Amino acid sequence: MDIFRVFDALNDIRNMTRAMKRVKETGAHLQGTICYTTSPVHSNEKFAAMAEELHALDCDSICIKDMAGLIMPDAAYDLVTRIKDKVDIPVDLHCHCTSGIAPMSYQAAIEAGVDILDTAMSPFAMGTSQPPTESVVAALEGTPRDTGIDLRRLREVRNECQRIRERYAGILDSISERVDSDVLLYQLPGGMISNLVSQLKEQDALDKLDAVFQEIPRVRSDLGYPPLVTPTSQIVGTQAVFNVLVGGERYRNVTNEVKDYVRGLYGRPPAPIQEEVRKLIIGDEPVISVRPADLLEPVYEKMKAQAMADGLIRKEEDVLTYILYPAIAPSFLKGERVPEEIPAKKAPAPDVPAIPSAMEVEVDGEVFSVRIVSVGGSSVAQAMPVQEKIPRGDIPGGIKAHMQGMILKILTSRGAQVKKGDILLVLEAMKMENPINSPVDGRVMEIFVDTGDTVQSGDVLLVVK
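In this report, we go over the structure that sits alongside the text.

Conventions and cut-offs
Residues numbered from 1 in each chain as written. Predicted model: local features only at pLDDT ≥ 70, side-chain atom pairs only at ≥ 80, totals over all residues. Heavy atoms only, no water. Pairing = 2+ DSSP bridges. Helix = DSSP H or I, 4+ residues; strand = E, 2+ residues; numbered from the N terminus. Contact = heavy atoms within 4.5 Å. Axes fitted to C-alpha atoms, helices over the stretch in contact; angles between N-to-C directions. Parallel < 35°, antiparallel > 145°, perpendicular 65-115°, else oblique. Left-handed = near helix turned anticlockwise from the far one by under 90°. Nonpolar A, V, L, I, M, F, W, Y, C, P; charged D, E, K, R; others polar.

Our next topic: the sheet that holds strand β4 (residues 91-95). Strand order in the open sheet made by the 5 strands is β1-β2-β3-β4-β5, with parallel pairing throughout. Looking along the sheet, the strands with just one partner apiece sit at the ends: β1 (3-6) and β5 (116-117). Two strands pair when backbone bridges link them, and β1 and strand β2 (residues 29-35) are joined in this way by 4 bridges, in the parallel orientation. Within β2, the residue paired with Arg-5 across the bridge is Gln-31. Each of β4 and β5 touches helix α4 (residues 102-112); the most contacted strand, β4, lies at about 170° to it.

The structure is reproduced here in structure tokens:
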């Protein structure tokens, strides 16, 4: 890896400096990054000042990261011009085509003297991806900004990408391939929009999509106008879903990530968080003002020793796996869990029908999530195993998963006395930690899941009576 693009979701340079220092120590190319967005507190003047600050920190190039496809041609021309007036290093523009405007903004940036444009090979271009490499190269042939790239050589790359695309066709979503002008209103990256659609479908609440889209700008304003990029797009989008589904009671159900954001643990928001919202979310808890990572104690050696004692470490990468994915790393490193692979396309065996393990079906306008247990015989059940220990349906005292996800933590045990509101377990979904609370005072009678289990919406996770 030769180029490291370092960015922070809040454009808080304090969060970038440690990684930037390490990149320079390796002798690699350091690209300091500006997360582009629009709001009452963002402007091209401030972005250009940030570029100047990144240049002073010895960056080798500057990237304008337009993750939601929001930058208009005039704004692109103006921002590239401003940055190039202040720094003497290459400027890179990275846009997504979600809004359909990126190719026009690229042309404006070219006219302003941009040095680098991020593109994608045509089989994977457009939609929530970047403009096509081949198209940009062809448009510049014979002009003063000719790239010098041979289209015939690109064709070989394109053909290889097409083969890869065909192999993974089963997991590509058509939503990610089309233009969605709503992003200009709600500023969510395209991938997050499709996640919201999926999340609402799983909860039989797709009719609330427009309400969620209208709630997103309100949540973003409440939280100080963060740029909507990973992880802040998930933080804002998922909280908007919760605010809508609770029904008139905003911030009644708050994810752990939103609480940490408000505490200052993600960095400094672009604008102050509204005081009444802060009190709703964290009460009188203090808000930090220092670089968040300065509060963390080093854990590498401690976690390494723990993993080695459990016989999980064969190479250095295993230590990082153990630290980053504590819920599933032990079983993975023991060989009990293997990564899912997408096999090459081929005709199914005649005695094993090719069926999914789950699907969504529409009945009289209502969408239902359905798990496929078997079709016609044992061979299918063997080919598509399911976690039979996790029941579905109505069980007295049963607490169900409200979305598809993975069990990250179990914070109770069989026989434990719990109070209404206690967190029983944590479900990871859409990169967010979603606490599952007890609806009553009572005793935990059954727990049907283990840490690392994948569950579907409607699965009964545990019983409290």
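So, about unusual backbone geometry. With an omega dihedral of 5°, the bond running from Thr-230 to Pro-231 counts as a cis peptide bond. Within the element layout of this structure, Pro-231 appears in the loop between α9 (209-222) and α10 (232-246). The backbone of Tyr-225 shows a phi angle near 55°, a positive value even though the residue is not glycine.

Another aspect to go through is the sheet that holds strand β14 (residues 454-455). Spatially, 4 strands are ordered β12-β11-β9-β14 in an open sheet, and the strand pairing comes out antiparallel. Edge positions in the open sheet fall to β12 (432-437) and β14, since each of these has one partner strand only.

Contact geometry for helix α3 (residues 73-86) and α4: axes closest at 8 Å, N-to-C directions at 30°. In terms of axis orientation, α3 runs roughly parallel to α4. For α3 against α4, the interelement crossing comes out right-handed. Of the residues in α4, those touching α3 at Pro-73, Ala-76, Tyr-77, Val-80, Thr-81 and Lys-84 are Met-104, Ser-105, Ala-108, Ala-109, Glu-111 and Ala-112. Classifying every residue of the contact of α3 with α4 gives 8 nonpolar, 2 polar and 2 charged.

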